[in-house]
Amino acid sequence: MALHLSLLLLLLIFDRLSAVRHVSVQTGGSITFPCHYDLNHINHVKYWCKGLGWDVCLYVVRTDHPKSSGKTSISDDINKRIFTVTMTDLTSWDSNTYRCVVEINRGPDIMIQWFYLSVTPGTPELYVEQQEVTGVEGRSITVCCYYSNSGDMKWCRMGGNCVSGFSGTLNGTSVTLTRTSDANNRKVLTVTMSGLKMENTDWYWCRVGELEMPVHITVSQQTATQRTSKMTSTTQDPTPQQPSASPTAEPVQTDNTSQGAEGNMEEVHQRSVKVLLISLGMLVVVTAGILVTWKMWRRHKDNKAKDQITNNSVSADPEQDITYSTVTHTRETAPQQQDPFPEADDDVTYSTVSLQHKTQLKGQTKVKLFY
């Protein structure tokens, strides 16, 4: 029975140790550890303890008291459900195993994460120059992880997925991993996150082999100045890149003759189109002018004809005589008598002619004709 309990305890310890995050920091440096907890533990006390087992895990700082102790401080963000522990001015005496723990009243406490901190006088095998990186929504950020060890390289979101290899996505954001060396011959794992979103704000882990380094990404909204600058940069024509004059680069031949001929043909085509458009425009203007002129001429001619008819029918010369004539035809009703003229019916026609001036009466003549 005791043997079974010992084996079970060894398996439990091995499982716990396999989940330990190894972090290396240079002497005199500082580091911040993030610890994420469940929604049910928001109102619980969290603490940071030092030691390998439960019996020898000593309190260092707690979210109730003390919140700071010497070079170590703790803070709890209940909105993001993350409490962080910051250790500064590290020495070799600080190298040890640490744990993030949630205190459970009337029950066993819950260990969230297990860390092993190694403080070295030389350059750490894995480190970053800044643990806090700020980006702007819609743009990109770059994190440089310097390493000297070997192993698989990953970029992981705390409590989420990882990107390994050369590229991938985390929560819809593009991630690329590039392995290079800088001017000081340091090996660099460059992590680039493109198309940042507000929800990308979180803790991430840069991992090379067994070593890890926490990095916090903060994404902020674009300001009016940043939006204007982005719009200006996208509307400007890009500056053509000149070929580099590298002594080892092979010369690139270009067919300038064919390019020049194509350019001339395009220029001739553009000129032809412009001439055609100008000619069509002039034709439209001339046609409109002719129609307007013809319409005005027709209107003038019609008005002139109307005026001439009115003058002929109404106007008269003031010196011209006007003759008025009245003719009455009356049938004879008297008894027929012998007429020397052989007419079948005898009719009498009376006629009166009056000659007058338009302004004054010059004379009047009446003539009666009897037939």
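Cut-offs used in this document
Residues numbered from 1 in each chain as written. Predicted model: local features only at pLDDT ≥ 70, side-chain atom pairs only at ≥ 80, totals over all residues. Heavy atoms only, no water. Pairing = 2+ DSSP bridges. Helix = DSSP H or I, 4+ residues; strand = E, 2+ residues; numbered from the N terminus. pLDDT = per-residue confidence, 0-100. Contact = heavy atoms within 4.5 Å. Salt bridge = Lys/Arg side-chain N within 4 Å of Asp/Glu carboxyl O. Buried < 20%, exposed > 50% of the residue type's maximum accessible area, 1.4 Å probe, protein only. Phe/Tyr/Trp six-rings, centres within 6.5 Å; stacked < 30°, edge-to-face > 60°. Lys NZ or Arg CZ within 6 Å of the ring centre and 35° of its normal. Axes fitted to C-alpha atoms, helices over the stretch in contact; angles between N-to-C directions. Disulfide = S-S within 2.5 Å.

**Re the pairing of strand β15 (residues 167–170)**
Taken together, the four bridges between β15 and strand β16 (residues 173–181) define a ladder with antiparallel strand orientation. Pairing of L170 across the sheet is with T173, part of β16.

**Notes on the confidence of the model for the protein**
Looking at the protein as a whole, its pLDDT mean stands at 76, while 64% of the residues score no less than 70. Mean pLDDT across the secondary structure elements of the protein bottoms out at helix α1 (residues 2–18), with 40, and peaks at strand β7 (residues 82–87), with 97. pLDDT under 50 marks residues 358–371. Its contacts with residues more than four places away, or in other chains, come to 26 contacts.

**Details of the pattern of salt bridges**
Throughout the structure, instances matching the rule amount to nine salt bridges. Across the pair D94 and K71 runs a salt bridge whose closest N-O atoms are separated by 3.0 Å. Within this pair, whereas D94 is found in the loop between β7 and β8 (96–102), its partner K71 is found in the loop between β5 (68–69) and β6 (72–77), the two being separated by 23 residues in sequence. Owing to a relative accessible area of 11%, D94 belongs among the buried residues under this scheme. Residues D202 and R157 are paired through a salt bridge, measuring 2.9 Å at the closest nitrogen-oxygen approach. Pair noted here: D202 is in strand β18 (residues 202–208) and R157 is in strand β13 (residues 153–157), with a separation of 45 residues, a long-range link. A relative accessible area of 14% places D202 in the buried class. Each member of the salt-bridge network shares a partner with another, and the members are R21, R207 and E212.

**Some points on the packing of aromatic side chains**
In this structure the tally under the stated criterion is nine aromatic pairs. Taken together, the aromatic side chains of F33, W48, Y98, F115 and W205 make up a single cluster linked through ring pairs. Over the ring of W205 we find R21, and its NZ or CZ is 4.3 Å from the ring centre.

**What to know about the sheet that holds strand β17 (residues 187–194)**
Judged by pairing direction, the sheet is antiparallel, and its five strands sit side by side in the order β10-β12-β17-β16-β15 without closing on themselves. The open sheet has two edge strands, β10 (126–128) and β15, and neither has a second partner. Averaged over all neighbouring strand pairs, the angle between strand axes comes to 30 degrees, with direction disregarded.

**Regarding the side chain of T72**
Assignment of secondary structure puts T72 in strand β6. Sequence-distant contacts of T72, that is, excluding residues within four places in its chain, are made with W48, V60, V61, K67, V85, T86 and M87.

**As for the state of the cysteines**
A disulfide bridge is the covalent bond that connects two cysteines by way of their sulfur atoms. Per the stated rule, a full pass over the model turns up four disulfides. Covalently, C35 is tied to C100 through a disulfide, its sulfur atoms 1.7 Å apart. With a gap of 65 residues between them, C35 in strand β2 (residues 31–36) and C100 in strand β8 connect regions that are remote in the sequence. The disulfide bridge from C49 ends at C57, spanning 1.8 Å between sulfur atoms.

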